[in-house]
Amino acid sequence: MARVKNACSHFGSAATILRLSSLNDPGGTMTKHTYIPRTTNYTLNPGDELNDLRMSDQVRPLYDHVKKFIRDTVEPMSIEFAKAGESKEDRWSFTPKQLEVLEKAKNKAKQEGLWNFFLPDDETGQGLKNLDYAYIAAELGKSPLASETMNCSAPDTGNMEVLERVGTKEQKEKWLKPLLNGEIRSAYVMTEPNVASSDAKNISTTAKLVGDEWVINGEKYYISGLGDPRCKILIVMVKTNPDAPPSKQQSQILVPRDTPGVEVLGPMYVFGQDHAPRGHMHMRFNNVRVPKENMLLGEGRGFEISQLRLGPGRIHHCMRTIGKAEKALDLMVQRGLTREAFGKKIAHLGGNMQIIAQARCEIEAMRLMVLKAAKAMDVLGNKEARVWVSMVKAMVPERACKIIDQAIQMHGATGISHWTPLAEMYQDVRHLRFADGPDEVHWMVVGRHELSMA
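Residues numbered from 1 in each chain as written. Predicted model: local features only at pLDDT ≥ 70, side-chain atom pairs only at ≥ 80, totals over all residues. Heavy atoms only, no water.

- The name given to the chain in an unreviewed UniProt entry is Acyl-CoA dehydrogenase, with the source organism recorded as Bradyrhizobium zhanjiangense.
- Taken from UniProt, the Cofactor (unreviewed entry) comment for the chain reads in full: "FAD". (UniProt positions renumbered as here; feature names shortened; annotations may be inferred.)

Next up, the structure:
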């Protein structure tokens, strides 16, 4: 009865307590069950700092500058970049002209202070809060080359954040500095073909300390960015001590791309596309030897590094994905208002008006959820905000995929062709339902948290 009284007090009146009749009543007398609402940390509180999702006033000029730079510099450069690559003979390379136009745009971005937004450190980045960067990331997601032009591309962003936070002075000088300058690219090496690596405890690639060197053996796949000729450093998830507690068996080690024994077997395809020249590679480590000092943070601390890296990265992915969904809706509306069939604009045929309306609602719902997840990271810290991050990581790619798919449908056969960016956008967003953890893992995190409050 004490719980009932407390619940009545919390919600204002006994009228808010619902009584549900049992469906199983063999005795013929209806048994009454009392529904007592749970008190969760999602309860709407107007005074809660988590509900203030406004961009900081001091960041607004930067946000406007980014949008202008994408419109005036990145978009024209992207067209020139694509044309410069049409004549190349090797798919796994960039032509000198491509690199020239890209570097010119990067240098301009750097000169205008549009560089390294993602790092919260004031000395090496813009010092932005996750919430502020979330707004900017949504704009970056609308243009394929915008992130790279401003040195905010995955997986470099996550790798740079790891090196910034846990790298030694020597590791930072050798690898972080050129990454921050946009001089090289990197890869994060975790997923394996022979185990369910969505559970990172299953990682089977081994690293054994022999003298003053780690000797690495194992097989990995879907290693994004490894095909890029500018990729020079890998952060590799390995198992260093199978006898330790499950959360202490894994470590992360720096492996230079040109180390003997690093073997690239070939590209993995995504919906039939190899995404050259960056690609998602299938690779093998054959007795790869790296110095003992290449260990990050310490042996057995791989999970700790993963949580540091994946929280912000997942938010970045989600906001860029919302940018893609917004672009898909723009294309859907444009197509719907400029094409006619059966005597009507396509937008007015069948249920297309409702499809457009629902897409807008979904985008706004996704945006608010991701902004709140970003704010949770700023207020609570990455670890405590994990459930919020899992919510949006599971929700956003699935809903954005649906919007892009509807835009494809409204374009007819053109939608699946190379004449629009929609097919490529769909491939990219659909693969995010596996990248940084499959949907099911994130739903499990959210569900487990919900049950813990029962």
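### What about the overall build of the chain?
Next, step 1: For the chain, the count of helices and strands is twelve helices and eleven strands.
Next, step 2: Within the chain, buried positions represent 49% of all 454 residues.
Next, step 3: Of the contacts made within the chain by residues no fewer than 6 positions apart, 71% connect residues no fewer than 24 positions apart.
Next, step 4: Put simply, the chain shows about 22,800 Å² of open surface, and 53% of that area lies on carbon and sulfur atoms. (Helix = DSSP H or I, 4+ residues; strand = E, 2+ residues; numbered from the N terminus. Buried < 20%, exposed > 50% of the residue type's maximum accessible area, 1.4 Å probe, protein only. Contact = heavy atoms within 4.5 Å. Areas by Shrake-Rupley, 256 points an atom, 1.4 Å probe, with all protein chains shown as cover.)

### Regarding helix α12 (residues 439-452)
Next, step 1: An ideal rise of 1.5 Å per residue puts 20 Å on 14 residues; α12 measures up with 20 Å between its terminal C-alpha atoms.
Next, step 2: When we look at burial in α12, the residues that qualify are Asp 439, His 442, Val 445 and Val 446. One face of α12 carries all of its buried residues, which in axial projection span an arc of 135°. Along α12, the residues that are exposed and aim more than 90 degrees away from the buried face are Glu 440, Leu 451 and Ser 452. (Expected span 1.5 Å × (residues − 1). Arc of directions from axis to C-beta.)

### Things to note about the layout of surface pockets
Next, step 1: In this structure, the second largest pocket occupies an estimated 240 Å³ of space.
Next, step 2: Lining the second largest pocket are eleven residues, with Lys 383, Glu 384, Arg 386, Val 387 and His 449 sitting closest to its centre.
Next, step 3: At the level of elements, α10 (386-410) and α12 are the ones that each hand at least two residues to the lining of the second largest pocket.
Next, step 4: Residue composition of the lining of the second largest pocket, by class: five nonpolar, two polar and four charged. (1 Å grid on protein atoms, 1.4 Å probe; cavity = no way out; pocket = protein on both sides within 12 Å on 5 of 7 lines; lining within 4 Å. Points joined across faces, edges and corners; volume = space filled by probe spheres on them. Nonpolar A, V, L, I, M, F, W, Y, C, P; charged D, E, K, R; others polar.)

### Some points on empty space enclosed by the protein
Next, step 1: A full pass over the atoms with the stated rule returns three cavities of 30 Å³ or more.
Next, step 2: Within this model, the second largest cavity holds a volume of roughly 50 Å³.
Next, step 3: Looking at the second largest cavity, the residues that line it are Lys 106, Glu 148, Asn 151, Cys 152, Ser 153, Asp 156, Gly 182 and Arg 185.

### As for the pairing of strand β4 (residues 206-210)
Every other side chain in a regular strand lies on the same face of the sheet, so the side chains alternate between the two faces.
Next, step 1: Taken together, the five bridges between β4 and strand β5 (residues 213-224) define a ladder with antiparallel strand orientation. Looking at β5, one finds that Lys 208 is bridged to Val 215.
Next, step 2: In this antiparallel pair of consecutive strands, β4 and β5, the connection spans two residues, and Gly 211 shows a positive phi of 65°. (Pairing = 2+ DSSP bridges.)

### With respect to the pattern of salt bridges
For side chains bearing opposite charge, pairing can occur when the charged atoms are close.
Next, step 1: Inspection of every chain in the model, using the stated rule, returns 29 salt bridges.
Next, step 2: Linking Asp 428 and Lys 324 is a salt bridge whose minimum nitrogen-to-oxygen distance equals 3.4 Å. Here the residue Asp 428 occupies a position in helix α11 (residues 422-431), and Lys 324 occupies one in helix α8 (residues 302-338), the gap between them amounting to 104 residues.
Next, step 3: Exposure remark for Lys 324: the relative accessible area of 16% places this residue in the buried category.
Next, step 4: Where Arg 360 meets Glu 364, a salt bridge forms, and the shortest distance between an N and an O atom there is 2.8 Å. Of the two residues, Arg 360 and Glu 364 are both situated in helix α9 (residues 352-380); the distance of four residues between them amounts to about one turn of the helix.
Next, step 5: Salt bridges here are not isolated pairs; linked through shared partners, they connect Glu 148, Asp 156, Arg 185, Asp 228, Arg 230 and Arg 278. (Salt bridge = Lys/Arg side-chain N within 4 Å of Asp/Glu carboxyl O.)

### Quick notes on the side chain of His 411
Next, step 1: Of note, His 411 is situated in the loop between α10 and α11.
Next, step 2: Given a relative accessible area of 8%, His 411 falls into the buried group.
Next, step 3: Of note is the side chain of His 411, whose polar atom sits 2.8 Å from the backbone oxygen of Ala 407. (Polar contact = N/O pair within 3.5 Å; in protein donor to acceptor, adjacent residues only side chain to side chain.)

### A look at the packing of aromatic side chains
Next, step 1: With the rule as written, the count across this model stands at four aromatic pairs.
Next, step 2: Ring centres of Phe 271 and Tyr 426 lie 6.2 Å apart, and the angle between their planes is 55°; this geometry places the pair in the tilted category. Taken together, the residues span a long stretch of sequence, with Phe 271 in the loop between β8 (262-267) and β9 (280-291) and Tyr 426 in helix α11 at a distance of 155 residues.
Next, step 3: Owing to a relative accessible area of 54%, Phe 271 belongs among the exposed residues under this scheme. (Phe/Tyr/Trp six-rings, centres within 6.5 Å; stacked < 30°, edge-to-face > 60°.)

### Let's talk about the packing of α9 against α10
Next, step 1: Running from N to C, α9 and α10 point in directions that differ by 155°, and their axes come no closer than 10 Å. With respect to α10, the axis of α9 lies roughly antiparallel. Both α9 and α10 take part in a crossing whose hand is left-handed. (Axes fitted to C-alpha atoms, helices over the stretch in contact; angles between N-to-C directions. Parallel < 35°, antiparallel > 145°, perpendicular 65-115°, else oblique. Left-handed = near helix turned anticlockwise from the far one by under 90°.)

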